[in-house]
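# Examination of the molecular architecture
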Amino acid sequence: MIREDGARLALEGPLTLVTVAPLAEAGRGLVAAADRVVDLSAVTQVDSSALALLLSWTRVARGAGRQLSIAGAPAALVSLASLYDVDTILPLGR
């Protein structure tokens, strides 16, 4: 679920293969429309699908000339980003 609060997009619950498809499409327009902070502090579970989602949104935002940052990234996501060597691409707040 995405909750929009001004420039903040708060994601809640698991970000896994089962849940990211509907989030991906819903978020593309949001990140292209304005500078955004994606808040992951209420995310309960992640897998590599979460990385794919965030990489996609980052690409869309940059393509639209927007800034995207990620706050509250769970340790598991930071670890996956490092493992896949995308931690320098994703704007992960630590």
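Residues numbered from 1 in each chain as written. Predicted model: local features only at pLDDT ≥ 70, side-chain atom pairs only at ≥ 80, totals over all residues. Heavy atoms only, no water.

### Overview of the packing of helix α1 (residues 20-33) against helix α2 (residues 48-63)
Interhelical geometry of α1 versus α2 gives an angle of 20° and a closest axis separation of 9 Å. Comparing their axes, α2 and α1 come out roughly parallel. α2 is crossed by α1, and the crossing has right-handed handedness. Every residue of α2 that contacts α1 at Val20, Leu23, Ala24, Gly27, Arg28, Val31 and Ala32 is listed here: Ser49, Ala50, Leu53, Ser56, Trp57, Val60 and Ala61. (Axes fitted to C-alpha atoms, helices over the stretch in contact; angles between N-to-C directions. Helix = DSSP H or I, 4+ residues; strand = E, 2+ residues; numbered from the N terminus. Parallel < 35°, antiparallel > 145°, perpendicular 65-115°, else oblique. Left-handed = near helix turned anticlockwise from the far one by under 90°. Contact = heavy atoms within 4.5 Å.)

### Quick look at the sheet that holds strand β3 (residues 36-46)
Taken in spatial order, the four strands of this open sheet run β1-β2-β3-β4, and their pairing is mixed. Both outer strands of the open sheet, β1 (2-5) and β4 (68-71), are each paired with one neighbouring strand and no more. When the angles between neighbouring strand axes are averaged without regard to direction, this sheet yields 25°. Of the strands in this sheet, β1, β2 (8-15), β3 and β4 are in contact with α1, which crosses β1 at around 20°. (Pairing = 2+ DSSP bridges.)

### Looking at the nonpolar core
Leu15, Leu40 and Leu77 are the most contacted members of the largest nonpolar core, which has 26 residues in total. Leu77 has contacts with Leu40, Val46, Ala50, Leu51, Leu54 and Leu92, leaving out every residue within four places of it along the chain. (Core = buried A, V, L, I, M, F, W, Y, C linked by side-chain atoms within 4.5 Å. Buried < 20%, exposed > 50% of the residue type's maximum accessible area, 1.4 Å probe, protein only.)

### Details of the side chain of Thr16
With respect to the helices, strands and loops of the structure, Thr16 is situated in the loop between β2 and α1. Residue Thr16 is classed as buried on the basis of its relative accessible area, which comes to 11%. Residues contacting Thr16, with those up to four places away along its chain left out, are Gln45, Asp47 and Ser49.

### Quick notes on the pairing of β3
In terms of strand pairing, β2 meets β3 through seven bridges, oriented parallel. For Leu9, the partnering residue across the bridge sits in β3 and is Val38. Handedness of the crossover joining β2 and β3 through α1 is recorded here as right-handed. The pairing of β3 with β4 spans four bridges and is classified as parallel. Bridge pairing in β4 places Asp39 opposite Ala71. Once you follow β3 into α2 and on to β4, the crossover reads as right-handed. (Right-handed = clockwise from strand over helix to strand, strands pointing away.)

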